[in-house]
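# Structural features, examined
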Amino acid sequence: MRIVHLTPGTGNFHCGSCLRDNALMKALRALGHQTLMVPLYLPLVTDDEPANPEIDVKAGGINLYLQQRLPLLAGLLPHPLRSFLDRRSQLLTASKWAGMTSPRDLGRMTLGSLQGQHGNQRHAWRQLVDWIARDQDSRPDIVSLSNSLLSGLIPLIHERIGCPVMVSLQGEDAFLDSLPNTHREKCWTTLVQLAAQADALIAPSQYYASTMTRRLRVKDKTMHVVANGLEWENYLPGQSGQQRNTATIGYLGRMIAGKGLGNIIEAFLSLHRSADIPDLTLHLAGAATLSDRRYLRGLRRRIAKAGASERVQWLPNIEFKEKVDFFHAITVFSMPAPSSYGEAFGLPVLEAIACGAPVVQPRHGAYPEIIAQTGGGLLVEPDDPQALAMRLRQLILDPELRSRIANHGSGVARRLFSAKNSAQAFEKVAQECLCLS
């Protein structure tokens, strides 16, 4: 099969979606398929070697923003100017301000994207689909969309390319629910209409498949579960990797409240105050943008007031090798997202388990599913830092329990959640789409 996969880039920080997409496309290629991963908005940032040599960003974020804000000028921008704005250097500069867009503009941009060829961004989307369709000898058999916010492309792809469209679901509901009231309902209504036109919807967990089947009002046969998988041979600790610290709590994820950063800090401070783990430290890693600075300053003040600043290590925007060493150095891991955020999968949780760090996760979203399948951690009630602290304390002070959970979880995670398994499941869905088309 010839598969074109469209995925938004972040420009300046690693994200779970890019990591999953890159591993999936490489594994599909290893199965004998022709795959092309195309970056949209901003350049891709991947943890490992990219699935294909870097190609130019299509539908660049700056041009999309101008077309949304200045629709009357969108079709009048000269090609040299559009090309200049799509240059990697310009997009990387723009990426530094990611997250600084006002909620109102974010709502407008999201709705404009979902409206596809009928929205203000139609010039960019038509150019993208024309570029895909241009080579008659290598037209794709399948176009794969990295997330459902790109679903505005479905009608255009069906019309101009005539191939099935597979849409991955990766936690978009939380983003849509966070939009201002003026755009939230319109975005959901439009997405429901577009989901009915998708040839297949792919969720990373049973939990998220059930959630989005209900919210998108689609038929069960349209929804498929393809669990995320990674290339675990790349997750061996480097020679510079630290020995596992017997009293280090680790967190890796976006440095925002929605991923539970505040919860893990509160749990750590509770253990710090109890003083029964004298060498306890907290390592906080993950993506941080300029828009996160105010929130992070508040957390740092909270830690300083508790006299624990020297016991907290901040590791924003670490590279892949640093991330692997991080997972192999910590004692326990937690990314305790609040119950208001239903995690579709939680890739860092799986990475921690696979690297031998037992996890403690709240009992909601996809977390219970991952822990039930791997046996790599313990569950606590959500939104309860004290309960989280007690579970973390239990694992830290019981090396036998910790070792038993870690050894079992690591082996199962690497076996069940491999990139090859994910690619084979994706391949099966794609073949079904082609048979029905």
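So, here's what we can say about the structure. (Residues numbered from 1 in each chain as written. Predicted model: local features only at pLDDT ≥ 70, side-chain atom pairs only at ≥ 80, totals over all residues. Heavy atoms only, no water.)

The grouping of Arg-293, Arg-294, Arg-297 and Arg-301 at the surface amounts to a positive patch. Within the secondary structure, Arg-297 is located in helix α13 (residues 293-305). A relative accessible area of 45% places Arg-297 in the partly exposed class. (Patch = residues over 30% accessible without salt bridge, like charges linked within 9 Å, V, L, I, M, F, W, Y side chains within 5 Å. Areas by Shrake-Rupley, 256 points an atom, 1.4 Å probe, with all protein chains shown as cover. Salt bridge = Lys/Arg side-chain N within 4 Å of Asp/Glu carboxyl O. Lys, Arg positive; Asp, Glu negative; His and termini not counted. Charge placed at Lys NZ, Arg CZ, Asp CG, Glu CD. Helix = DSSP H or I, 4+ residues; strand = E, 2+ residues; numbered from the N terminus. Buried < 20%, exposed > 50% of the residue type's maximum accessible area, 1.4 Å probe, protein only.)

Our focus in this paragraph is the sheet that holds strand β7 (residues 223-225). Spatially, β3-β2-β1-β4-β5-β6-β7 is the arrangement adopted by the seven strands of the open sheet, whose pairing is parallel. With partners counted over all chains shown, the strands left at the sheet margins are β3 (58-60) and β7, one partner each. When strand polarity is set aside, the average angle formed by the axes of neighbouring strands in this sheet is 20°. Bridge analysis of strand β5 (residues 165-168) against strand β6 (residues 200-203) gives three bridges, and the strand direction is parallel. If you follow Met-166 over to β6, its bridge partner there is Ala-200. (Pairing = 2+ DSSP bridges. Axes fitted to C-alpha atoms, helices over the stretch in contact; angles between N-to-C directions.)

So, on to the packing of aromatic side chains. Enumeration according to the criterion identifies seven aromatic pairs in this entry. Relative to Trp-125, the ring of Tyr-41 has its centre 6.3 Å away and its plane inclined at 65°; by these criteria the two rings are edge-to-face. Highlighted residues: Tyr-41 in strand β2 (residues 34-41) and Trp-125 in helix α7 (residues 122-133), separated in sequence by 84 residues. A relative accessible area of 22% means that Tyr-41 is categorised as partly exposed. Look at Phe-345 and Phe-417: their rings are 6.0 Å apart centre to centre, the planes differ by 65°, and that puts the pair in the edge-to-face class. Placement of Phe-345 in the loop between β11 (332-333) and α15 (347-354) and of Phe-417 in the loop between α18 (399-416) and α19 (419-436) is noted, with a sequence separation of 72 residues between them. Across the pair, Phe-417 and Phe-345 agree in class, each one buried. Aromatic ring contacts, followed pair by pair, group Trp-232, Tyr-235 and Phe-320 into a single cluster. When the ring centre of Trp-314 is taken as origin, the NZ or CZ atom of Arg-300, which lies over that ring, is 4.4 Å away. (Phe/Tyr/Trp six-rings, centres within 6.5 Å; stacked < 30°, edge-to-face > 60°. Lys NZ or Arg CZ within 6 Å of the ring centre and 35° of its normal.)

It is worth spelling out the pairing of strand β10 (residues 312-316) at this point. Relative to β10, strand β9 (residues 281-286) runs parallel, the two being bridged by five bridges. When the bridges of β10 are listed, Leu-282 appears paired with Val-312. Handedness of the β9-α13-β10 crossover: right-handed. (Right-handed = clockwise from strand over helix to strand, strands pointing away.)

It is worth spelling out the environment of Ala-257 at this point. Checked against the element boundaries, Ala-257 lands in the loop between β8 (248-252) and α12 (261-274). The partly exposed category is assigned to Ala-257, whose relative accessible area is 43%. For the pair Ala-257 and Leu-296, spaced 39 residues apart in the sequence, the C-alpha separation amounts to 9.6 Å. In this structure, Ala-257 is in contact with Tyr-295 and Pro-338, ignoring residues within four places of it in sequence. (Contact = heavy atoms within 4.5 Å.)

Attention shifts here to the state of the cysteines. According to the stated counting rule, one finds zero disulfides in the structure shown. Considering cysteine sulfurs only, Cys-435 is the nearest to Cys-433, which forms no disulfide, with 9.3 Å between them. The buried category is assigned to Cys-433, whose relative accessible area is 5%. (Disulfide = S-S within 2.5 Å.)

Take the packing of α12 against helix α17 (residues 385-397) next. Viewed as axis vectors pointing N to C, α12 and α17 meet at an angle of 65°, and their least axial separation amounts to 8 Å. For α12 against α17, the interelement crossing comes out right-handed. Mapping the contact onto sequence places Asn-263, Ile-264, Glu-266, Ala-267, Ser-270 and Leu-271 in α12 and Pro-385, Gln-386, Leu-388, Ala-389, Leu-392 and Arg-393 in α17. (Left-handed = near helix turned anticlockwise from the far one by under 90°.)

Right, let's get into helix α2 (residues 61-69). Along α2, the residues that are buried comprise Asn-63, Leu-64, Gln-67 and Gln-68. An end-on view of α2 places all buried positions within 135° of arc, on one side of the element. (Arc of directions from axis to C-beta.)

Attention now moves to the packing of α17 against α18. Two elements in contact, α17 and α18, have axes whose closest approach is 5 Å; the angle formed by their N-to-C orientations is 95°. In this view, α17 runs roughly perpendicular relative to α18, as classed from their interaxial angle. Taking contact as the criterion, the partners of Gln-394, Leu-395, Ile-396 and Leu-397 in α17 are, on α18, Pro-399, Leu-401, Arg-402 and Ile-405. Residue classes in the contact of α17 with α18 are distributed as six nonpolar, one polar and one charged. (Parallel < 35°, antiparallel > 145°, perpendicular 65-115°, else oblique. Nonpolar A, V, L, I, M, F, W, Y, C, P; charged D, E, K, R; others polar.)

Moving on, we come to the nonpolar core. Core analysis: the largest hydrophobic core is formed by 86 residues, its most contacted members being Ile-249, Leu-261, Ile-264, Ile-265, Leu-284, Trp-314 and Phe-333. If sequence neighbours within four positions are ignored, Trp-314 has contacts with Met-255, Leu-261, Ile-265, Leu-284, Leu-296, Leu-299, Arg-300 and Ile-303. Trp-125, Ile-132, Met-212 and Met-223 belong to the second-largest nonpolar core, a separate cluster that totals 46 residues. (Core = buried A, V, L, I, M, F, W, Y, C linked by side-chain atoms within 4.5 Å.)

Attention now moves to the side chain of Thr-289. Examined against the element boundaries, Thr-289 turns out to sit in the loop between β9 and α13. Look at Thr-289 and you get buried, because its relative accessible area is 8%. One polar contact links Thr-289 to Ser-291, side chain to side chain, over a distance of 2.8 Å. (Polar contact = N/O pair within 3.5 Å; in protein donor to acceptor, adjacent residues only side chain to side chain.)

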